[in-house]
Every structure is written in structure tokens, then in C-alpha cells.
Amino acid sequence: MRSMPPLPKPSGKTLYDKIWDAHLVADQDGESIFYIDLHLIHEVTTPQAFAGLRAAKRPVRRPDRTLAVADHNVPTEGQALGVAAVADEEARLQLQTLERNVKDYGIEFFPMGDIRNGIVHVVGPEQGRTQPGMTIVCGDSHTSTHGAFGALAQGIGTSEVEHVLATQTLRQKKSKNLRVTLDGEPIAGVGAKDYALAVIREIGTAGGTGYVIEYAGSAIRALSMEGRMTLCNLTIEAGARAGLVAPDETTFDYLRGRPATPKGAAWEMALPYWKSFFSDPDAHFDREIVIDAASIAPLVTWGTSPEDVIAVTDRVPSLDSFTTPDKRASAERALDYMGLEAGQPITEAKVDVVFIGSCTNSRIEDLRAAAKIVEGRTVAGHVRAMVVPGSGLVRAQAEEEGLDAIFLAAGFEWREPGCSMCLAMNPDKAPPGQRVASTSNRNFVGRQGRGARTHLMSPVMAAAAAIAGHIADVRDFL
Amino acid sequence: MDAFTRLDAKLAPLPLANIDTDQIIPKQFLKTVEREGLAKGLFYDLRFDGDGKPRPDFVLNRPEYKGAGVLVAGDNFGCGSSREHAPWALMDFGIRCVVSTSFADIFYNNCFQNGLLPVVLTAEQVQALMDEAKGGNHLVTVDLEAQTVVSPSGQTFAFKIDPQRKEKMLKGLDAIGETLQASGDIDLYEMKAALSKPWLENA
């Protein structure tokens, strides 16, 4: 007989506390062993983990709770030709190694070219594998994305990937609770990406270290699932391993009818369980931040750290505004690398490449918003502009809506899914010295190609930059 | 995993904040299916110019820092990507300990899986080590048992570390083997979860 799931009672617990408690398996020598409901894997951070399993003759404990995709080093064209046609020998070997590993261990896999394949953090939610109250891990720091569903989702290293494959658990000490409340109505042209950059600007790239961040407030409730995923995705850039949004009707509407979500009676059983995952009114947070959503302008980064954030209407900061010697030294290096002058208006920065894609901003809503800006306009002559949908299914959906035609008519490239130029591990790289308006998540030195200069921004801001040929205020294009 | 007990090694300063794992090892070195041989990619863009020639001014290229085993760096070391290639590359290069005021969570955790000791000291202590490391050929002693770093001039800085992590690092224990001792608990958890969350069983 099957019993109803036990529903946690109001207890002064945060959402994070509840998920943690619901997955505790054991305490061992002061460390907690907690259960992992879903393990997402990809080609780059798993070969050494499978090699470790083989060497120790250990099986994969729950292949059914593991899902594999090929995303980091796949080319974003010619995917139908198959892995054998991947030109980069090392990338090909890594992709073939994943194919062999999933076959040997009986793990579900969406290979390159399969319409269900795409960026791991787009695929999990899209398939309905990501569900509220779950624990999710992946050997990728942007696993925080899945927190948008009220799931505790975190990036892990390869040794931990091996640990999860072998035991379906993770050893960890509990983090602290940080709540970020965003209330109010955003101004036109501002969305989840700007919220995330505002949070990182506020607390810094190490501000969330040791915490799990829960996002709350009316501005969060008003966000779509795509928006919540963007926000949770960038939580790692604020130093926190996981971000969370409590599930609500928006979440359940998104989940209904997806391939892996429960159906019929099972759905009715899951729903009350999912609804129990929220922070109690008397829950204790170790730290609280409140931001007025209406005060946020369209934002853009100027430097080489995601905390180097200014409003698009601002000037590049002066060196005197940095208080500590190493911060000042870092800023000086950043300006030099970025080819910018302190004090210059950021809109003077001419862009060479526009990249709309990545696990941060490649979902259907991102593409719709960018297409709206682009429609009836033309990409500036000197700009290479590309759209890389997050999955084959996002690409198909966009094509059904005619978004591909809008982008192509404006002069954008319409590419096949993958991580693409977000991390340039594949043929999509920005050349040295070129300036990229990018919807991705990291403006680190060399991230998008050696010597490439990245400015992070929202899909609508990137679209505006493509048309203008320089960093531009999207409000002029609405 | 290699055990870490006590280390006497050359100290190299890297006085930059927010050194991310992309800088520690750029993506072109992540296409390997091996753990070994990553030293060649360590700090690649800092160590080598666009033509692949060593930059003579970069600390780890300077002869007086050759063979450095301890790195002292600015705030928030190891932020960004979760790539465990970062600690692998540091270890393969011969770095066994990194000292900073703070580390990013995932990197910090990855260090303990590999016997690379991350040591957190105060901003003043880190600065003192940076200053004393100047000129090169200065030895530090890192003693995990005693939880101290002894600077080249003999100043002793105590550091904190989680006792379980310390124990595992001292013995070089394998986390999987340890967790599998709790297999019974995992079995029990799975049986209960299968009953209470049946919709996850046929996903």
C-alpha cells in the first residue's frame, strides 16, 4: 500500500531547511549524508568520475535518476552529422566517452542532434525532470538554475559526481539562509537578468558564500518560470551555491503535461507535497536583503567580474571608487583588459559580437523578448550577431512562432543548441580584442575566447546592442 | 586522495582578487578525459602570451619561485565554474596549499576531495605573507595537524578548519568508501521515499 507523502508542519523552517530535512539520510562524523533525487550529467565533468567507478568496480546506484546530455563542447551547426563529424578531436573523444559511459551504465541520454538535447539546465526543466522539493546536482556551477522550481540544486565537482553516481547521496554541511526580497514593479525594459545583476552588485561575487539564497517578494512572484530560472542561474555568481524560489501556480502551470511530470492521480498526490515547500512565516534567515525592483535600471557589466555592474546610463567607474588595494588593482587590470577608460559612458562601447544564448538566457521567453526588439530592424553592419537556442525543443518552438525568420531577416545567425559562446569550449569563440554583448553569465578574462571582452546583459539589451552597434539602452527600442 | 599533514615549501604571491577557475585553468584544457597532466594549462593566460611564450614577469615563471608549493592569493579565490580541473591543475603543478582570505564554496569543497589544502587567514595575515613572499625563495611551513602557517620570518598564523575535513585530509580518506558504510541507511531512505513519492519512481 502507498501512503500519502508526509507533509511538513509549520515549524519556523525556511524552504531550504525543509528540503534539507526531507532528504537527510544519516549523519556521519558530523557531516550530513543527504539523498539526491536527480543527477544531471554532461560530457565535460564526468569522464574521470566514470573512470573512478570502473577502477573501483562500483555500479551506478540509480541510473533511473540520472540524465545525460551533450552540451558544453558540441558545435552549434551540423549536429545531424553526428559526433563522428565533430572536428575537434579532444571534444569528439569526450563526447564518445559519454556515449560509452551512459550505455555501459544504462543512463538515459539525449545525444547531440536529438531534438530533446540542449543545455543541461534548459533540458531538465523542459522535460519535467526538475520538480519542487527535489535535490538536484550536476557537475556544473549553474545547476543553481533549477532552484527556480523550489528544488535544492547545486553544482558539484567531479569527485562528487562520482560520489553521487556510486551512492546517490552527497556529503555536506548545511549552509546558512539568506533571503533576498524584491518588491515592486520593474520599469519597462527591466527583467530577471537585471534583478540578478542588481543582487550581485549589492552583495558582491562572494556575498553569498556559505549561504543558500531564497528569492521572495512581489517582483519574484510576478516572474515567469523562465525569469526565475535566469535569476537562480546567476545565484552562483553571487557566491551562493543554490538559489530558491518557492513553488506557486506559475510553477505548477509550467510543470503540467511535461514528459516526466506526474499525470492523473500521481499529479494529485504530488501537488500537496510540492505546495508544502515554502518558508514558514516565522522562519529564521541569517541574513536579509531587500531591493526595490522599481529602482533597477537596465544593467550591464563593464569589467571582468559579474559584480562590475552599472546602469546602461552610467559611466565606467573611476579607480578612486575602489577602496582596497587589491580591488583597485583588479579594476585597473579589468579596464585594461576591456579596453575601456574610467569615466567614459558605457554606451560609447562599440560591440563586435552579440551572443543571445547560454543556460542563463536561451529559453523561449528570452528569444521572444529579443525578437520583439529586433523585429523590423537590422543588425549594425560591423556586428556578428547570433542566437543559440537552449535546446532542440526551444529551437523548434521558436521556429513554429516564426522567431527564426525575424532574427534571420535582421541579420542574426540562427544556430543549433548548446553552450556555444558562453564558455567557448566549442567552435563558437569571440576573437581577441572583440567586444561581446552577451546574455551569458560570466565576463571573466578569456571566458568567451582568449582576449575577448564580455559585457553581460539581458536578451533585450543584447538585441538593442546588435541593432545599435554599441551598448545601448533598450528603452530607446521599446 | 593524497594525504596532507605538513608541508615545507616555497611561497608564491598572487595578489589578485576574484581569481576564477577559468583563469586557473581555461576551457581548452577541460576536453581531457584524464585527471593527470593538467599542469600545462595552469594559469595559462597569465603564464603565457598570445604566441604561447612564457611571460617572464608572471610569478610562477620567475626562477626564484620555481617549485613553489604554496600560493597566497587575493579574496574569493576559485570563484566561477565548478571544474575540478582547477585543483587537479594546481596539484599537478606542485601546489599543495592555497592561502587566501576567502574561497568560493565549490572550489573549496573540491580541494578537500584532492588533498589540496585551502587555508583561510585574515586580510592582514594574507598581506603579511604576500609581503614576505616578495623576492622569492622564501619557505613557509603549513602544518595541518597544528593548524598553523609559519611565515618565512617565523610569524605563526593559526587557521580554522572543519574537524572532519581535517581528519580526512590528514588520512587521505576516500569519501565514497565512507558513505557506503551507510548503505543500509540509504536503502531505508529509498524504500520510504518510494512509498511516499511514488511519482518519482517511474520517471
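Placed above this text is the structure.
Tell me about the overall build of chain B, and name the residues and values.
The number of helices and strands found in chain B is eight helices and seven strands. Principal-axis analysis of the C-alpha atoms gives chain B an extent of 65 × 45 × 25 Å. Looking at chain B as a whole, 61% of its 203 residues are labelled buried. Put simply, of all contacts in chain B between residues at least 6 apart along the chain, 65% involve residues at least 24 apart.

Outline the interface of chain B and chain A, listing residues and values.
Every contact between the two is made by 64 residues of chain B and, on the other side, 79 residues of chain A. Of the roughly 5900 Å² buried between chain B and chain A on both sides combined, carbon and sulfur atoms contribute 51%. Remark: the boundary between chain B and chain A carries 13 salt bridges. Arg-58 of chain A is the salt-bridge partner of Asp-174 of chain B, the closest N and O atoms lying 3.4 Å from each other. Our count for the contact surface shared by chain B and chain A stands at 40 residue pairs in polar contact (both at pLDDT 80 or more). Looking at the side of chain B that touches chain A, the elements that each hand over two or more residues are helix 2 (44–47), helix 3 (85–93), helix 4 (105–112), helix 6 (163–171), helix 7 (175–180) and helix 8 (183–196) of chain B. Among the elements that make up the side of chain B that touches chain A, the one with the highest residue count is helix 8 of chain B (eight residues). By residue class, the composition of the side of chain B that touches chain A is 22 nonpolar, 20 polar and 22 charged.

Let's hear about empty space enclosed by the protein: which residues, and what values?
Overall, the coordinates contain seven cavities of 30 Å³ or more when judged by the stated rule. What the largest cavity holds in volume is close to 200 Å³. In terms of lining residues, the largest cavity is bounded by 22 residues, among which His-72, Asp-140, His-142, Leu-423 and Arg-447 of chain A are the most central. A breakdown of the residues in the lining of the largest cavity according to their chemical character gives seven nonpolar, eleven polar and four charged. Space inside the second largest cavity adds up to approximately 80 Å³. Taken together, Ile-236, Gly-239 and Arg-241 of chain A together with Gly-78, Cys-79, Gly-80, Ser-81, Ala-104, Asp-105, Ile-106 and Phe-107 of chain B form the lining of the second largest cavity. The residue inventory of the lining of the second largest cavity, partitioned by class, reads five nonpolar, four polar and two charged.

Tell me about the packing of helix 12 (residues 364–374) of chain A against helix 13 (residues 392–400) of chain A, and name the residues and values.
Residues and elements named next belong to chain A. For the pair helix 12 and helix 13, interaxial distance at closest approach is 10 Å and the crossing angle is 40 degrees. Pair helix 12 / helix 13 crosses with right-handed handedness. Counted together, Ile-364, Leu-367 and Arg-368 of helix 12 and Val-394, Gln-397 and Ala-398 of helix 13 form the full contact between these two elements. Here the residues of the contact of helix 12 with helix 13 sort into four nonpolar, one polar and one charged.

Here is what the cut-offs are and how they apply
Counting restarts for each chain: residues are numbered from 1 in the order of the written sequence. The lettering of chains begins at A and the numbering of ligands begins at 1, in the order of writing. Reporting of local features is limited, given that this is a predicted model, to residues whose pLDDT is at least 70; pairs of side-chain atoms are given and counted only at 80 or more, and all residues count toward the totals for whole chains, interfaces and linings. Where side-chain values are given, they derive from all heavy atoms of the structure, hydrogens and water being excluded. Under the scheme used here, helices are H or I runs from DSSP no shorter than 4 residues and strands are E runs no shorter than 2 residues, and both carry numbers assigned from the N terminus. Think of it in three bands: with a 1.4 Å probe and only protein chains considered, a residue is buried below 20% of the maximum accessible area for its type, exposed above 50%, and partly exposed in between. Contacts are residue-level and defined by heavy atoms, with any inter-residue pair within 4.5 Å sufficient. By definition, the buried area sums, over both parts, the 1.4 Å-probe accessible area that each loses when the two are put together. Here a salt bridge means any side-chain nitrogen of Lys or Arg lying within 4 Å of a carboxyl oxygen belonging to Asp or Glu. As used in this structure description, the phrase polar contact means that two N or O atoms lie within 3.5 Å; if the pair is within protein, one of them must be able to donate a hydrogen and the other to accept it, and residues adjacent in sequence are counted only when both atoms belong to side chains. Residues are grouped as follows: nonpolar covers Ala, Val, Leu, Ile, Met, Phe, Trp, Tyr, Cys and Pro; charged covers Asp, Glu, Lys and Arg; every other residue, Gly included, is treated as polar. Put plainly, a pocket is an open set of points on a 1 Å grid over the protein atoms alone with protein on both sides within 12 Å along at least five of seven lines, a cavity is a set where a 1.4 Å probe fits but cannot get out, and a lining residue has an atom within 4 Å of a point. Grid points are joined across faces, edges and corners, and a volume is the space filled by probe spheres set on the points. For helices, the fitted line uses only the C-alpha atoms of the stretch in contact; every axis is such a line through C-alpha atoms, and the angle between N-to-C directions lies from 0 to 180 degrees. Definitions for this section: a left-handed crossing has its near helix turned counterclockwise from the far helix by less than a right angle. A right-handed crossing has that turn clockwise.

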